[in-house]
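Report on the structure
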Amino acid sequence: MTVLKDIPEKWFPLVLPFNRKKKERVHGRKSKKKQTEEERKVKANDREYNEKFQYASNCIMTSKYNVITFLPVNLFEQFQEVANTYFLFLLILQLIPQISSLSWFTTIVPLALVLSITAVKDATDDYFRHKSDNQVNNRQSQVLIRGSLQNEKWMNVRVGDIIKLENNQFVAADLLLLSSSEPHGLCYIETAELDGETNMKVRQSVSVTAELGDPNNLASFDGEVVCEPPNNKLDRFCGTLYWRDKKYTLTNQNMLLRGCVLRNTEACYGLVIFAGPDTKLMQNSGRTKFKRTSIDRLMNTLVLWIFGFLVCMGVILAVGNAVWEREVGSLFQSYLPWDPPVDNFLFSAFLSFWSYVIILNTVVPISLYVSVEVIRLGHSYFINWDQQMFCSQCNTAAEARTTTLNEELGQVEYIFSDKTGTLTQNIMSFNKCSINGQHYGEVTDPLGTQPKRLDFTPFNPLADPDFCFYDEKLLESVKVGDSHTQEFFRLLSLCHTVMSEEKTEGELVYKAQSPDEGALVTAARNFGFVFRSRTPGTITTTEMGQTVTYSLLAILDFNNIRKRMSVIVRNPEGRIRLYCKGADTVLLERLHPCNQELMTITSDHLNEYAADGLRTLAVAYRDLSEDEWEAWSESHRFADKATDYREDRLAAAYDKIEQDMMLLGATAIEDKLQEGVPETIAVLSLANIKIWVLTGDKQETAVNIGYSCKMLTDEMTEVFIISGHTVQGVRQDLRRARERMIELSRARDGGKADGMEGWAEAHFMGNGYKEGQGGDGAAEGREGKQLQCTPVPLPPTHVIDSISGEFALVISGHSLAHALEADMEAEFVSTACACKAVICCRVTPLQKAQVVEVIKKHKKAVTLAVGDGANDVSMIKSAHIGVGISGQEGIQAVLASDYSFAQFRFLQRLLLVHGRWSYLRMCRFLCYFFYKNFAFTMVHFWFGFFCGFSAQVRAKCNINNQNFRSLNCDFDCLCMCLCLSFCCRRCMISTSSHSTTLCTPPSLCWPWGYLIRMFQIREVWSILNSMSPDSSTSSLTRESSSSASPRAFTPQWCFFLSLTPCCPMPLRALECLSPTTRHLQSPQQQRWL
């Protein structure tokens, strides 16, 4: 067998990205490899050969603990928390009799309770992980061992084994398809568990192994596979099969991935390439990046400050003890001597310091973190149980997939949204088309009556009865045999990757990877060009009642970079033709020059369709001679078999053949808005939340949808278009827009606002450049003279923030690419963030994530990203909060999100109700929590001034009953969580689009998170003061701060103060549970959301 020796070098371009950013492995891997795997070699039916590489077994272990390791590992994790470690330190101090004035019981009870609650929660979670792992690992699979099929558990499957799969079975590991019961080595799979798509996909074995369908033949198969190392790329696989001194290229079309289900295929055989944690499914289920809220960060800071405050109190009391023992304590030595270890006042002060650290330990919130987690869990259940966020059409409820971000929902400033499937329904219908310069689909009735829907059944018995079209001219053009019209629909019936399933005669069911493809193939079906079936080498259609079989020579795949797909077919007469469909921006530039006039007319039609909010595609074809086909086929075959830079080589081959095409026309597909989208965006805008739409559609389509959903309105001051093709052009457009906003804002305010006066004149000369300089247009108009732009300082922040008026910004993908460059980020952010709405068109998935990162970097604002497709995953993961819409494009966005629901309109309730309530409840809880701890602790601090700073004397008082002391925090916190954090509804929210105030009083209006900043020092003090049960507590505070005698601060008052944490509880609970109807603005607003 010939095996190349330079494999590691040729895999370098593939391995390098994975080395730069290596994902965490699942915990179940038993042995850690000494070095990074650079390639994988797998030999069929040879376990001994494969075991020397120590590949992972197929056993999955997602659990963290077992019976032996649970206690030590869990305790180690819990003591990573500073508060837990601190109380363990206190417990050790309390075991020293010289400094301990309290029993160890007072510390170990709350510490043990907190540790136990957390341990039970962790154990419960891990139990369900173990249960799920066992269920998966014990599934049965048929493995070929020593020439016969034997039942083995999934956990016992090894790399290099050959497995038999039967219909409707799950794929046990990542397999190389060897043979199938279907002709040509085909099999059909469903990938819902991987990407959420329920449509079937086709996979095909390598031709040389397709005939090895018998177990006896497969038992003698000894081929070796050399491929890329384990990675998380679901849509890519690159490898080579070496067998019988020949090598065969392997691609993703030859692979069956773990998690897929075999459909409509009796049986197939596969070779295990990746097993267990190395499978692509498990590689994609790595740990999600942990997101922390602003309250979390503030909480940790406060705990550290409280530690410092505790030390300060201990030092003050220790100094007081030293002074008292030196000045007064010596008088009592005769009947109150020092303990034996103490021989001077300094050592007494030292021991007193540690004693007071123990006594005042209640100021440190040991149960804070557990209480916060309990509250968040309850708030998450509120979201899950919300019936008003339940979609009855798709039977989908809202789901909080995380419990750590609920209060962050109440502080969102920026929303980044996809368009298709998020704002729209993603249910496509063929609406209009342009064929050879002739427009179809626009039906107008002078009488204003509803146009009649066409009945295709008499013309075509295979027509889809649910298809709607109204323009009879297009149907007549097909009937009379217009060549351009028929070629147009022939292209739509051939150029796609749709799978057809014919349940009964004439009852066709199409399963498309995207709704667009399904709509176009359905349109062709109704107009007489019916796609019936496909094999790896043929496509069968029914054209005007005649069955026609085309030879499928090549498929030029679609991707986000190419933005087009093509097929090359040979018709029964032997003519070879390439059919192509794709975005007009990439397809029109590949047309033959003779199409100039037709391209102008079609472009006008495309712009009209886009203005109507329709999704557009251009379609074209090219005839190929036998020589052209043979020459290109050879270059394509060479690129397909390449082991290095295969994708780049294929892209170059595709681009070479997709030239000099003839334009046929364009399609327009309608994707209607979801229910409630305009109202939702209007309310969110009233709440001062800025909404950005990031879409791959044309500018005209996106702008029209923006107006339809009220993101753009006629009342807006101005809408700016950024369409520069160079860095200087984009900079010029951004500066012009910013100058215009400042100018209009000054005019709107009736004069020059503070800080604005003279700024624009000093820094702008009409086109964004200093006098004597020009942009792109100026350079071209001055006989090509190159004029350089000198840096112009950005306007001060207060100038941008003081811009008044409603502005919007629309920027295209090529301009956005320049705007996101390092030296342009500040220009882009300063201009875009001054606008109320921003629309980014023709953007890639990577650009979506980059936009979110730029805003996070420069604005330090809480961001939320919402999308429904795989192309939105990067944006969802980049934002502080990710929301997935469970729509028509699978569940990849849902799996990557923090919250999910079925309709965009539920975002209003998620933010304005659950987000607001969670934020207010959490802030109230934290204020009350610290108030309670300080009230309980400070009484001991002040009492030290009346007992000679002696902790031993103070410990004898009844106010320090040890049971009360140890259970105070835990029992009191439980009551607090129930009363303040679960039942509190302090404000009603109006959904009236005519009201600019969403709730009253005004000090609690949205945006709550970034305007009122409830959890600040001054807010804490005001809330603490308002929580006093009556005026007696306030008078006590005034008395303590006045010039009155310290003797007025008696132990009886201290005892009363120590009980005040419990007093406001029922009062506040009653206040929270009773609706504050006095704050309602109108009867229409008197309803709860």
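The following refers to the structure shown. (Residues numbered from 1 in each chain as written. Predicted model: local features only at pLDDT ≥ 70, side-chain atom pairs only at ≥ 80, totals over all residues. Heavy atoms only, no water.)

**Examining the nonpolar core**
Ranked by size, the top nonpolar core spans 45 residues in total, and within it L256 and I273 carry the most contacts. Of the residues forming this core, the biggest block, 6 residues, is contributed by strand β13 (residues 267–274). (Core = buried A, V, L, I, M, F, W, Y, C linked by side-chain atoms within 4.5 Å. Buried < 20%, exposed > 50% of the residue type's maximum accessible area, 1.4 Å probe, protein only. Helix = DSSP H or I, 4+ residues; strand = E, 2+ residues; numbered from the N terminus.)

**Examining the sheet that holds strand β6 (residues 186–190)**
Judged by pairing direction, the sheet is antiparallel, and its 3 strands sit side by side in the order β7-β6-β12 without closing on themselves. Every interior strand has two partners, whereas the edge strands, β7 (200–204) and β12 (261–263), have only one. Direction aside, neighbouring strands of the sheet carry axes that sit 45 degrees apart on average. Here β6 pairs with β12 via 3 bridges, running antiparallel. Paired with E190 across the two strands is V261, which belongs to β12. (Pairing = 2+ DSSP bridges. Axes fitted to C-alpha atoms, helices over the stretch in contact; angles between N-to-C directions.)

**So, the sheet that holds strand β14 (residues 399–400)**
An order of β14-β33-β32-β31-β15-β27-β30-β29-β28 is seen for the 9 strands of this open sheet, with the pairing classed as mixed. Sheet topology places β14 and β28 (718–722) at the edges, where each strand pairs with a single neighbour. Of the pairings in the sheet, the one linking strand β27 (residues 690–694) to strand β30 (residues 837–840) comprises 4 bridges and is parallel in character. Considered in β30, the bridge of I691 is made with A837. This element, helix α22 (residues 727–748), spans β28 and β29 (807–811) of the sheet and lies at about 170 degrees to β28. In the packing of helix α28 (residues 845–859) onto the sheet, the strands contacted are β15 (412–417), β27 and β31 (862–867), and the crossing angle to β15 comes to about 165 degrees. (Contact = heavy atoms within 4.5 Å.)

**Some details on helix α13 (residues 472–479)**
Three- or four-residue spacings in an α-helix give side chains the same orientation, since the helix completes a turn every 3.6 residues. Here α13 has its buried residues at L474, L475, S477 and V478. Buried residues in α13, looked at end-on, bunch into an arc of 155 degrees, giving them a common side. Structurally, α13 contributes buried residues whose contacts are with β16 (429–435), β17 (438–440) and α14 (483–494). Capping the start of α13 is the job of one residue whose side-chain oxygen sits 3.1 Å from the backbone nitrogen of K473: D471. Just downstream of α13 lies G481, where phi reads positive at about 85 degrees. (Arc of directions from axis to C-beta. Polar contact = N/O pair within 3.5 Å; in protein donor to acceptor, adjacent residues only side chain to side chain.)

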